[in-house]
Amino acid sequence: MANASKRLDTNIEGNFFVDSTCIDCDTCRQLAPTTFIEDSDYSAVFHQPESPKEEFAAYQALLACPVGSIGTIKKNSNVYSQAQTSFPLPIEDDVHYVGFNSEKSYGAHSYFITHPNGNWLIDSPRYLKHLVQAFEERGGIRYIFLSHKDDIAEAARYAKTFSAARIIHQADVSAMPDSEWVIDGEEPAQVEAEFRCIPVPGHTAGCMALQYKNRFLFSGDHLWWDRDLQQLGTPENLVWNHAQLERSVRKLLKYSFEWVLPGHGERIHLSYSKMKTAVERLIRRRWP
Ligand code: SF4
């Protein structure tokens, strides 16, 4: 719950505000870019919502914030409730952004795929009653894909509730030792016809990406869209092994995808050819 006494001076006057507990995860700026902006390593409200659409997005950001740093002076309960039940948010086809990012995963995004052979949760949001209900209404969860050890959050609780199989790489399995499906080595593993787990060690030894339908790449902390550069990014700090990271980025040139859906950073949709060019450009920039 945000605290008005900790309201940052960088917020504009008005109903919505960010307090000093913000961890600068960027979630609110992605969900409500006309309301929130980055300022001095925090988010701040630079424009109070005016239209119903802007207010709705600001409440979605308030709900998704992993540390409860966004508050209102006067809560609009109707819009708050509507925003709460709007998650998981459709992205494209059967792919959704879950919301309710968890502080336990440093505010990383998680995703949900509804699929006739069983639904997938990609990394973990907070464990919340209304989110459990939302998953139940959509047919539960069959698999939980864990991109790496940092973003497991409350995967164990979701696995228990839905009898879901957690998929993790051997090199990061210490974070979730009782996982049902452990992938080893660097070869990709086909789980279902349309799902391929691709080991991409670098940020951690056990990083994996999930390729779905040859269109979507759930990339964890391995790859993301850098809004400032308008290019793909990959970790520069917090890298377990730089040589492995380079190999893992180059490896992605073998795979087709037109979406990058990361844990941190922005998601991006490009044509297949533009995505390949973006990966090549990243490689030239990082390893000239
Ligand atoms: S979502 Fe919350 S923690 Fe993340 S940048 Fe916004 S206010 Fe800060």
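Here, the structure is the one placed above.
Values in this document were obtained by computation on a predicted structure and should not be read as measured data.

### As for the sheet that holds strand β7 (residues 111–113)
Part 1 of the argument: Spatially, seven strands are ordered β5-β6-β7-β8-β9-β10-β11 in an open sheet, and the strand pairing comes out mixed. With one partner strand each, in any of the chains shown, β5 (89–92) and β11 (181–183) form the two edges of the open sheet. The average angle at which neighbouring strand axes cross in this sheet is 25°, direction not considered.
Part 2 of the argument: Sheet analysis places strand β6 (residues 95–97) next to β7, joined by three bridges and oriented antiparallel. When the bridges of β7 are listed, H96 appears paired with F112.

### Description of the packing of helix α4 (residues 129–137) against helix α5 (residues 155–162)
Part 1 of the argument: As a packed pair, α4 and α5 sit with axes 12 Å apart at the nearest point and diverge in direction by 45°. Overall, the two elements α4 and α5 adopt an arrangement that is oblique. The handedness of the crossing between α4 and α5 comes out as right-handed. For the pair α4 and α5, contact is made by L131, V132, F135 and E136 and by Y158, T161 and F162, respectively.
Part 2 of the argument: Here the contact of α4 with α5 is built from residues that sort into five nonpolar, one polar and one charged.

### Thoughts on the nonpolar core
Part 1 of the argument: Ranked by internal contacts, the top residues of the largest apolar core, which has 65 residues, are W120 and F218.
Part 2 of the argument: It is helix α2 (residues 52–64) that contributes the most residues to this core, seven residues altogether.
Part 3 of the argument: Look past the residues within four positions of F218 in its chain and what remains in contact with it is V95, Y111, I113, I122, M208, A209, L210, Y212 and L261.
Part 4 of the argument: One finds L252, F257, I268 and M275 within the second-largest nonpolar core, a separate group that totals 23 residues.

### Description of the sheet that holds strand β13 (residues 195–199)
Part 1 of the argument: Pairing is mixed across the open sheet formed by six strands, whose spatial order is β12-β13-β14-β15-β18-β19. For this open sheet the edge positions go to β12 (189–192) and β19 (268–269), each flanked by a neighbour on one side alone.
Part 2 of the argument: Across two bridges, strand β18 (residues 259–262) lies against β19 in antiparallel orientation. Along β19, the bridge assignment pairs W259 with H269.

Reading the values: rules and limits
Residues numbered from 1 in each chain as written. Predicted model: local features only at pLDDT ≥ 70, side-chain atom pairs only at ≥ 80, totals over all residues. Heavy atoms only, no water. Pairing = 2+ DSSP bridges. Helix = DSSP H or I, 4+ residues; strand = E, 2+ residues; numbered from the N terminus. Axes fitted to C-alpha atoms, helices over the stretch in contact; angles between N-to-C directions. Parallel < 35°, antiparallel > 145°, perpendicular 65-115°, else oblique. Left-handed = near helix turned anticlockwise from the far one by under 90°. Contact = heavy atoms within 4.5 Å. Nonpolar A, V, L, I, M, F, W, Y, C, P; charged D, E, K, R; others polar. Core = buried A, V, L, I, M, F, W, Y, C linked by side-chain atoms within 4.5 Å. Buried < 20%, exposed > 50% of the residue type's maximum accessible area, 1.4 Å probe, protein only.

These results come straight from atomic positions and should not be treated as a statement about function.
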